[in-house]
Amino acid sequence: MVVGFREGYGWGRLHPVSHSNHDPAQPRRVWVGDPYPLGAHYDGSGTNFSIFSSVADGVELCLLGDHTSSAADAVDEQRIALTEVDGHCWHAYLPDVRPGQRYGFRVHGPWEPSQGHWCNPSKLLLDPYAKAISGEIDWSPACFGYDFDDHDAPNTDDSAPHVMKAVVGDRFFDWGTDRPPDVPLHETVIYEAHVRGLTMRHPDVPPALRGTYSGIAHPAIIQHLQRLGVTAIELMPVHQFINDHHLVEKGLRNYWGYNSIAYLAPHNGYTSSVAIGQIQEFKTMVKSLHAAGIEVILDVVYNHTAEGNHLGPMLSMRGIDNLAYYRTVDDDPRYYLDFTGTGNSLNMRHPHVLQLIMDSLRYWVIEMHVDGFRFDLASTLARELHSVDRLSAFFDLVQQDPVLSQVELIAEPWDVGEGGYQVGNFPPQWSEWNGRYRDTIRDFWRGEPSTLAEFGYRFTGSSDLYEADTRRPTASINFVTAHDGFPLADLVSYNDKHHEANGVDGNDGESHNRSWNHGVEGPTDDPEIAAVRARQRRNFVTTLMLSQGVPMMLGGDELGRTQGGNNNAYCQDNEVSWFDWDDVDTDFVRWCERVVRFRHDHPVFRRRRWFQGRGIRGIEDLAWLRPDGEEMNDDDWEVGFARAVGVFMNGNSIPTTDAFGERVVDDSFLVIFNAGDQPIDWLIPGPQWSRRWTIDLDTADPRRGSARTVNKRPGDRLEVIERSMVVLRSVRPPSRHPVHSRTTTRPPVEANR
């Protein structure tokens, strides 16, 4: 028999439950328990269960056995009525339940789709607070709450055999001496990577560990990250997600993972362990990365869930309390507001939704020891009504939280809704993916007109976007490539997207990529085209590493990874996306290691504060120069066809101290950019800047500054070939107060008053 949820049991008594429809009832001790913490919490003696639902008439906790009966299409299930309710939290304590127990909930309540109520007790629902997950959805019609022939009628088929189950986790773990690396943000270099993509084809990672958290913890992967010089790995979504129905039908999978269904559970597809070991395996990965001095940043998707629109499956929140968890259309709550292009948006106006997100974030910091978060489509989190509200409750909560306010917070500052593009508009403690940096740097190096002034702003930290409200250059997360788009090798090899393999006739993905194939679409044997493509890749990564702000590399770019022109590989969990460790551009790997090390060695390229340009000559810390060696004036910035510029950066005028209060002093540099299609004879500027220069980096000749030394003096000519950049270091520091004529100029760096 199955106990009905309306029967009034006394607390602290034996409750009759059954293993299946054919087994006799077995006694199970059920105590009152507590409404908090939500979810399943094992305390070493037993497990407290609690779930929020303000719409439910009754809730059943379902304890599931280890096996599914394929013959009867049923699961080994015990149902226990939760009769204690406090503040809409249904709860009980089961002293006999240990880690590894699979469970779910069934919620009884109104079925009124037109009013936004979708309660259907025939559906086994995933705990929003689940810490570990077993299995995956098989997309049977039973997974849907409604009848396919009558959307207003409930589907009464039991979904339990067809959906994933929550698992009671074990929070106990030996962290030993683990401590966060606590790398200052201005010294951070981020490496965006995917758990499977990074490890699936690495020959030194054992096959059983490839594609898993343990694979990332393997010494072969960690040593590569250390040699490259990155200080943080930003992992694409690791919250439990599902594979979309339309992808499964085409034999594809959701590779990127932006389809979350459980915000406290590591994705079970990335583990080499049984369900109970998911948590420990993830923690071991973090511990190993921390030991190597590498921080862990998670890409999190709190803007929507995998339940989709009103025609989507009933897996969790839709059946628990639809109107609490999701934004619905005010005058027709059957339908969802969709600011993400995925079918639904979480209801950031509801206190329990905010609590879920905040509890999830704190869990990953406190229990899993992660160091920060990148928030996907973060503008959605700020939508209290229809508009994006910078002072929304979510940001207020983060600001005052003693845990979350101390970790790295990075916003993807846009969504697909009206007014969703919010670059530069997030609160002061937040950093942002700077989409304008990406677009400007791409346009500059492919020779687009009228980009010089914009380039100046982006290279110096984007003060026009972030300085006004006391934010620092570290507010700008600079990137040229990311998971969403072409990798670097394809950016210089393709004009157009090529992703017919995605199965939608090439109609997905961005068509305006700001890419350039340099004369041939895709691979080529032409040595001249290959040479300029290689030089352009060096230009991009060198510009990125010398820009003020926080650089982010796309994992695999350093290897020369290609996706064959696919700029939307979200469903390509295969060789299209996985790093090919047997086909590595070793010369480019060395160049990337070299320029990352160069950034670490020279604080003038990673200042904590803005340059102090005041719109007149005589500035101490930065000056913009023309090819004739003279400072730029107002008219120079307005020349639409100008594609060459030099910038002097004074290492003797860094205004901040180090962590120990000592003055920071660096070499001074002259960085010359030539994005044009012709070489330029650059006149080395006068002795007031420096009496002698040596070339440290030359993207046209990687040997310069490494295998051979080239020195230049004032008045000398330096050939800067087309589409290349040169970095010269002052051998003797300039005068602290260079003598200039006093004509006005307007460099693209405004004063920091």
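Higher on the page you've got the structure.
What counts, and where the lines are drawn
- Residues numbered from 1 in each chain as written.
- Predicted model: local features only at pLDDT ≥ 70, side-chain atom pairs only at ≥ 80, totals over all residues.
- Heavy atoms only, no water.
- Helix = DSSP H or I, 4+ residues; strand = E, 2+ residues; numbered from the N terminus.
- Buried < 20%, exposed > 50% of the residue type's maximum accessible area, 1.4 Å probe, protein only.
- Axes fitted to C-alpha atoms, helices over the stretch in contact; angles between N-to-C directions.
- Parallel < 35°, antiparallel > 145°, perpendicular 65-115°, else oblique.
- Left-handed = near helix turned anticlockwise from the far one by under 90°.
- Contact = heavy atoms within 4.5 Å.
- Nonpolar A, V, L, I, M, F, W, Y, C, P; charged D, E, K, R; others polar.
- Phe/Tyr/Trp six-rings, centres within 6.5 Å; stacked < 30°, edge-to-face > 60°.
- Lys NZ or Arg CZ within 6 Å of the ring centre and 35° of its normal.
- Arc of directions from axis to C-beta.
- Pairing = 2+ DSSP bridges.
- Core = buried A, V, L, I, M, F, W, Y, C linked by side-chain atoms within 4.5 Å.
- 1 Å grid on protein atoms, 1.4 Å probe; cavity = no way out; pocket = protein on both sides within 12 Å on 5 of 7 lines; lining within 4 Å.
- Points joined across faces, edges and corners; volume = space filled by probe spheres on them.

1. Some details on the overall build of the protein
Each helix and strand counted, the protein has 15 helices and 35 strands in total. Counting across all 753 residues of the protein, residues that qualify as buried make up 61%.

2. Some details on the packing of helix 9 (residues 435–445) against helix 10 (residues 452–459)
Where helix 9 meets helix 10, the closest approach of the two axes is 9 Å, and the angle between their N-to-C directions is 130°. In terms of axis orientation, helix 9 runs oblique to helix 10. Between helix 9 and helix 10 the crossing geometry is left-handed. In this structure, helix 9 uses R436, Y437, T440, I441 and F444 to contact helix 10, whose residues at the interface are L452, E454, F455 and R458. Looking at the contact of helix 9 with helix 10, its residues break down into five nonpolar, one polar and three charged.

3. Quick notes on unusual backbone geometry
Residue Y36 is joined to P37 through a cis peptide bond whose omega torsion reads 0°. Of note, P37 is situated in the loop between strand 2 (25–30) and strand 3 (39–42). In this structure, H88 takes a positive phi of about 65° despite not being glycine. Structurally, H88 can be placed in the loop between strand 7 (84–86) and strand 8 (89–94). Residue classification places H88 among the partly exposed positions, given a relative accessible area of 42%. Here L377, not a glycine, exhibits a phi torsion of approximately 45°, which is positive.

4. Description of the packing of aromatic side chains
One pass over the structure, following the stated rule, counts 45 aromatic pairs. Aromatic side chains F375 and F394 sit 5.9 Å apart centroid to centroid with 70° between the ring planes, which places their arrangement in the edge-to-face category. Here F375, found in strand 23 (residues 372–375), pairs with F394, found in helix 8 (residues 393–400); they are 19 residues apart in sequence, far enough to count as distant. Note on accessibility: F375 and F394 belong to one class, buried. Through a chain of ring-to-ring contacts, the aromatic side chains of Y263, Y302, F373, F375, F394, F395, F426 and W430 assemble into a single cluster. Positioned above the aromatic ring of Y363 is the side chain of K131, whose terminal nitrogen or guanidinium carbon lies 5.5 Å from the ring centre.

5. Focus: helix 8
Here helix 8 has its buried residues at F394, F395 and V398. An end-on view of helix 8 places all buried positions within 95° of arc, on one side of the element. Looking at the buried residues of helix 8, the elements they touch are helix 7 (351–366), strand 23 and strand 24 (408–411).

6. Observations concerning the pairing of strand 8
Extensive coverage of strand 8 is indicated by the burial of six of its six residues. The alternating pattern of strand 8 places C89, H91 and Y93 and W90, A92 and L94 on opposite faces, both of which are buried. Taken together, the six bridges between strand 4 (residues 47–52) and strand 8 define a ladder with antiparallel strand orientation. By the bridge assignment for strand 8, S50 is matched with H91.

7. Looking at the nonpolar core
Soluble globular proteins: nonpolar side chains tend toward being buried together. By size, the foremost hydrophobic cluster in this structure holds 166 residues, and its most contacted members are F373, F375 and F394. For this core, the element with the most residues is helix 7, which contributes nine residues. Not counting residues within four places of it along the chain, the set of residues in contact with F373 comprises I297, L298, V300, L361, W364, V365, L404, V407, E408, L409 and I410.

8. Here we look at the layout of surface pockets
For the largest pocket, the calculated volume is near 1400 Å³. W256, T340, L377, D484 and N568 are the residues nearest the centre of the largest pocket, which is lined by 48 residues in total. The set of elements that each furnish at least two residues to the lining of the largest pocket consists of helix 4 (245–249) and helix 9. The leading source of residues in the lining of the largest pocket is helix 9, at three residues. Across the lining of the largest pocket, the residue classes break down as 18 nonpolar, 19 polar and eleven charged. Within this model, the second largest pocket holds a volume of roughly 770 Å³. The wall of the second largest pocket is formed by 30 residues, among which D182, L185, Q406, V407 and E408 lie closest to the centre. The element contributing the most residues to the lining of the second largest pocket is strand 24, with three residues. Broken down by class, the residue content of the lining of the second largest pocket amounts to 13 nonpolar, nine polar and eight charged.

9. Side note on the sheet that holds strand 3
Taken together, the four strands give an open sheet; going across it, the order is 3-4-8-7, and neighbouring strands pair in antiparallel fashion. A single partner strand is all that each edge strand has here, and the edge strands are strand 3 and strand 7. Averaged over neighbouring strand pairs, the angle between their axes works out to 25° when direction is ignored. When strand 3 meets strand 4, the two strands line up antiparallel, connected through four bridges. Along strand 4, the bridge assignment pairs H41 with N48.

10. Focus on the sheet that holds strand 28 (residues 622–625)
Across a sheet, paired strands are connected by hydrogen bonds in the backbone, their directions being either parallel or antiparallel. Taken in spatial order, the six strands make up an open sheet running 28-29-30-35-32-33, and their pairing is antiparallel. One side of each edge strand has no neighbouring strand; the edge strands of this open sheet are strand 28 and strand 33 (711–712). This element, helix 14 (residues 586–601), spans strand 30 (669–674), strand 32 (693–698) and strand 35 (724–730) of the sheet and lies at about 130° to strand 32.

Function cannot be inferred from these measures alone, as they are strictly geometric.
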